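So the chains spell out like this:
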Amino acid sequence: MRKVTVTGGGGFIGKALVRALVGRGIEVSVIGRNTYPDLAALGVHCVRGDIRERDSIADALHGCDTVFHVAAKAGVWGPKEEYCAINFAGTTNVIAACQAQKVGRLIYTSTPSVVFDRDDLAGVDESTPYTTRPLCAYAASKILAEQAVLAANCPELQTIALRPHLVWGPEDGHLIPRLLARGRAGALRIVGSGDNRVDIAYIDNVVHAHLLAAENLCASGSGSGQAFFIGQEAPVPLWEWINGLFVRLGIPSVTRKTPLAVAYGAGMLLEGIYGALGAVNEPRMTRFLACQLAKSHWFSHRKAEQLLGYRPLVSTEEGLERLVAWLRASGGA
């Protein structure tokens, strides 16, 4: 890699990836809807653009050999049209821009939600088919986007899709802050039996996987046209891990339980009400969230290990220590 562009470089994953690339002496450009003075101070070329507008990104890719497409609309609530416009149409725009500018490599940040189908997923691999009944617009749009990226793979534009799950760590502005806020408010309940296990992915390991994917495409290309699950050394018992974090931060442990059927029904009801009212704010419960909180969803990383050479650089325990230290230092604790 010599010259790289990162879409969504101002986000949690994107910014960490940009810093790692700069640290390797690689020339980096970022496409985002805002300005990023902290990245500009590192020598990063920041381009204001919207991936929904193909013309605004094509010129930014001129001379690039690699694109990391991280930008996305996340979450489990919002207009389907917006998710489709950003996550799917935006991705097709990035693909077209790569083709027009003769970019040789595209690494796409996907999600395991593309295969989540309401049931437990325990150690499944990448042969698991896409879900045919996604519970939220985010998952539906990411399925279409990942399919487009992998279908675009060819000798002129090699592509890889990475599926990191529940990315966490210092500077996370979404998952961990929301979890802590709900914990402090006493608004969390264990959904289901509480013994479900899930994959999580520490931010440094996610960045490491992206770099390995690019290196693979620069060398053998054995991973081209394929998707890879990315996570820690082992899945964690979800509620045990959450309570372990809470204990370190002086937040009461979550002990109250709600049956999955009740949470799922509440999510269905709230989605109907919020949809009828045209509400922008996310319901406190959705069908997708109920299933995510109650079901196991962890994945085999053997394929990433064998083809990309992926191994977590930071263990779950070490990552937790780093996260707690950052929260205390930043006032988030």
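In this text the structure is predicted, and so the values were computed from the model without any measurement.

(A) How the structure looks around the sheet that holds strand E1 (residues 3–7). Ordered in space as E3-E2-E1-E4-E5-E7-E12, the seven strands form an open sheet in which the pairing is parallel. Both edges of this open sheet fall to strand E3 (45–48) and strand E12 (226–230), since each of them pairs with a single strand only. For this sheet, the mean angle separating the axes of adjacent strands, direction not counted, is 20 degrees. Here E1 runs beside strand E2 (residues 27–32); their pairing, made up of five bridges, is parallel. Residue pairing in the sheet places valine 4 in a bridge with valine 28 of E2.

(B) Main features of the packing of aromatic side chains. Under the definition given, this model contains six aromatic pairs. Between the aromatic rings of phenylalanine 116 and phenylalanine 288, the centroid separation amounts to 5.9 Å while the plane-to-plane angle is 85 degrees, which identifies the pairing as edge-to-face. With phenylalanine 116 in the loop between strand E5 (105–109) and strand E6 (121–124) and phenylalanine 288 in helix H10 (residues 287–294), the pair connects residues that are 172 residues apart, well separated along the chain. Of the aromatic side chains, those joined through ring pairs into one cluster are Trp168, Tyr202 and Trp241. A cation over a ring is seen here: arginine 163 above phenylalanine 229, with NZ or CZ 4.9 Å from the ring centre. Across the ring face of phenylalanine 228, the terminal group of lysine 303 is positioned such that the distance to the ring centre comes to 5.0 Å.

How each quantity is defined
Residues numbered from 1 in each chain as written. Predicted model: local features only at pLDDT ≥ 70, side-chain atom pairs only at ≥ 80, totals over all residues. Heavy atoms only, no water. Pairing = 2+ DSSP bridges. Helix = DSSP H or I, 4+ residues; strand = E, 2+ residues; numbered from the N terminus. Axes fitted to C-alpha atoms, helices over the stretch in contact; angles between N-to-C directions. Phe/Tyr/Trp six-rings, centres within 6.5 Å; stacked < 30°, edge-to-face > 60°. Lys NZ or Arg CZ within 6 Å of the ring centre and 35° of its normal.

From the geometry alone we can't say anything about function, so treat these as descriptive.
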